[in-house]
Amino acid sequence: MPDIGYGIVGTGYFGVALGRAFHALPNARVVSVYDPENAAPLAAEVGACQESSVEALCARDDIDAVVVASPNWAHAEPVIAAARNGKHIFCEKPIALSYGDCSKMLAAANDAGRIFMAGHVTQFMNGVRHAKALIADGTLGDILYCRAVRTGWEDVQTEVSWKKKRDLSGGHLYHHIHELDLVQSIMGPATEAFMAGGNVAHKGPQFGDEDDLLLITLGFGNDRFATLEYGSAFRWPEHSVLIQGTKGAIFIDLQKAGVELKTVDRQERFLLHRSQEEDDDRSKIYAGNKTSGPIVYGNPSSEAPLWLQGIVEMEVEYFHGLMLGEPISEEFSGLTDGSAAAAAIATADALSLSIKEGRKVGVSEITGQ
Ligand SMILES: NC(=O)c1ccc[n+]([C@@H]2O[C@H](COP(=O)([O-])OP(=O)(O)OC[C@H]3O[C@@H](n4cnc5c(N)ncnc54)[C@H](O)[C@@H]3O)[C@@H](O)[C@H]2O)c1
């Protein structure tokens with residue numbers, strides 16, 4: 001069987017993690033990379049060429065799939081170029097910073113008849129998959145409410161990363177779309193959105209211009225609700241997703257790393273990641289971060305921790321399987337056609353409109369459906 005050829009756009013912190021994971025798979029070859037500044041180290045490590053443009057990379061006959069790991073604002077162009085050149089696509093989160101862009105990207109992949117997979121890697125966590133299996137088998141009853149929190153404190157920056165600039169990253173809500181996606185993967189797409197908050201403690205040249213405190217309420221119809229908190233204006237860091245059903249509840253602890261189930265007659269704890277070693281790696285890092293907790297960011301000179309490499313390996317293996325002709329799994333179908341990622345951005349757009357206009361917004365105002 002010929003190798004599947006991969007091209008990588010953006011080889012900073014995460015493009016390198018993805019590139020290494022693809023390189024390690026059987027029947028996979030990282031053929032070429034494009035990055036305006038940091039292409040050389042990964043290219044040398046995996047024996048790939050360096051391209052001078054996205055177009056040149058996408059035009060190569062020996063590339064079957066393009067992996068997009070450029071900054072958030074720079075996803076739409078390579079995705080559309082890849083689709084135009086008949087390539088399959090793996091795109092990092094958030095896939096785009098507007099629902100309008102998501103629609104164009106999905107349409108391009110769909111028109112080309114190619115797979116568009118969103119890199120919502122949280123969905124590959126052992127504990128998340130196990131929680132969903134328990135929901136599916138009725139252990140929790142009807143899910144009434146979810147609460148997701150990803151908060152910490154940002155200190156003064158010597159250099160302000162693109163990740164802290166609203167027009168480049170989308171700010172906490174878009175950059176940390178994982179938690180919103182996770183809630184929607186459990187409760188379905190939100191129908192109503194309300195967000196309060198603002199930039200309350202991080203003004204000035206040492207900081208970006210994103211909002212640092214976001215308080216979100218989502219409605220799903222049928223008396224189902226969720227709340228989410230995001231931001232970097234919280235001295236007490238938290239990172240968790242709580243799922244409340246009529247028969248039981250699950251607490252996904254992303255900070256101390258573990259998942260707990262409680263029903264009337266069961267109380268069990270599960271691993272969050274693949275092994276105790278990965279869970280310990282995660283909780284140790286969080287403990288070391290003290291007040292910044294889950295809002296610490298990677299950059300081109302940092303390496304993904306063990307627990308993150310683990311889930312990246314699993315999502316990359318799944319995508320590679322699709323390239324080799326394996327069927328789309330029911331569990332990841334929403335990730336594999338981009339629909340879950342677009343639904344998350346639609347809700348994020350509704351929340352952005354909500355905070356701007358100070359009102360509850362129907363997600364249909366964004367999607368038109
Ligand atoms: N799934 C996850 O858990 C996870 C974790 C980290 C990052 N990410 C995502 O991966 C993407 C990259 O983030 P990162 O942490 O690697 O950032 P980074 O800043 O470390 O790397 C970004 C790289 O993109 C390059 N770049 C800049 N403009 C570009 C362009 N127009 N085209 C191609 N490359 C360009 C930069 O030179 C840099 O090397 C982002 O979308 C981010 O949200 C996902």
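If you're wondering where the values come from, they're calculated on a predicted model, not measured in any experiment.

Undergrad: Teacher, can you tell me more about the sheet that holds strand β7 (residues 143-153) here?
TA: Strands in a sheet are paired, the pairing made by backbone hydrogen bonds, and the direction either parallel or antiparallel. Taken in spatial order, the 9 strands make up an open sheet running β14-β13-β12-β11-β7-β10-β9-β8-β15, and their pairing is mixed. Strand pairing shows two members of the sheet lacking a second neighbour, β14 (267-270) and β15 (361-362), which therefore form its edges. Note: strand β13 (residues 258-263) against β14, 4 bridges, orientation antiparallel. Residue pairing for β14: Glu260 is matched across the bridge by Arg269.

Undergrad: Even after reading the chapter, I still don't get the site of the ligand, so can you show me in this structure?
TA: In the region of the ligand, 28 residues are neighbours, and Phe14, Asp35, Asn38, Asn72 and Lys163 sit closest. The contact in question runs from an oxygen atom of the ligand to an N or O atom on the backbone of Tyr13, over 2.9 Å. Taking Asn38, its side chain carries an N or O atom lying 2.7 Å from an oxygen atom of the ligand. Calculation on the ligand without its partners gives an accessible area of 840 Å², and the protein chains cover 89% of this total.

Undergrad: Any chance you could explain the side chain of His175 here in plain terms?
TA: The topology assignment puts His175 in helix α8 (residues 171-175). Apart from the residues lying within four places of it in its own chain, the contact partners of His175 are Asn72, Lys93, Pro94, Trp162, Lys163, Ser169 and Tyr297.

Undergrad: Looking at this structure, I do not really get the environment of Lys262. What am I missing?
TA: With respect to the helices and strands, the residue Lys262 is situated in strand β13. Between the C-alpha atom of Lys262 and that of Gly12, which follows or precedes it by 250 residues, the distance is 41 Å.

Undergrad: Looking at this model, I keep getting lost on the sheet that holds strand β3 (residues 49-50). Mind explaining?
TA: Taken in spatial order, the 6 strands make up an open sheet running β3-β2-β1-β4-β5-β6, and their pairing is parallel. The open sheet terminates on both sides in strands that have one partner only, identified here as β3 and β6 (116-119). Two elements, strand β1 (residues 4-9) and strand β2 (residues 28-34), share 6 bridges in a ladder whose sense is parallel. By the bridge assignment, Val9 is partnered in β2 with Tyr34. On top of the sheet, helix α11 (residues 306-323) reaches β1, β2, β4 (65-68), β5 (88-92) and β6; it is set at about 165° to β5, its chief contact.

Conventions adopted
Residues numbered from 1 in each chain as written. Predicted model: local features only at pLDDT ≥ 70, side-chain atom pairs only at ≥ 80, totals over all residues. Heavy atoms only, no water. Pairing = 2+ DSSP bridges. Helix = DSSP H or I, 4+ residues; strand = E, 2+ residues; numbered from the N terminus. Near = heavy atom within 4 Å. Polar contact = N/O pair within 3.5 Å; in protein donor to acceptor, adjacent residues only side chain to side chain. Areas by Shrake-Rupley, 256 points an atom, 1.4 Å probe, with all protein chains shown as cover. Contact = heavy atoms within 4.5 Å. Axes fitted to C-alpha atoms, helices over the stretch in contact; angles between N-to-C directions.

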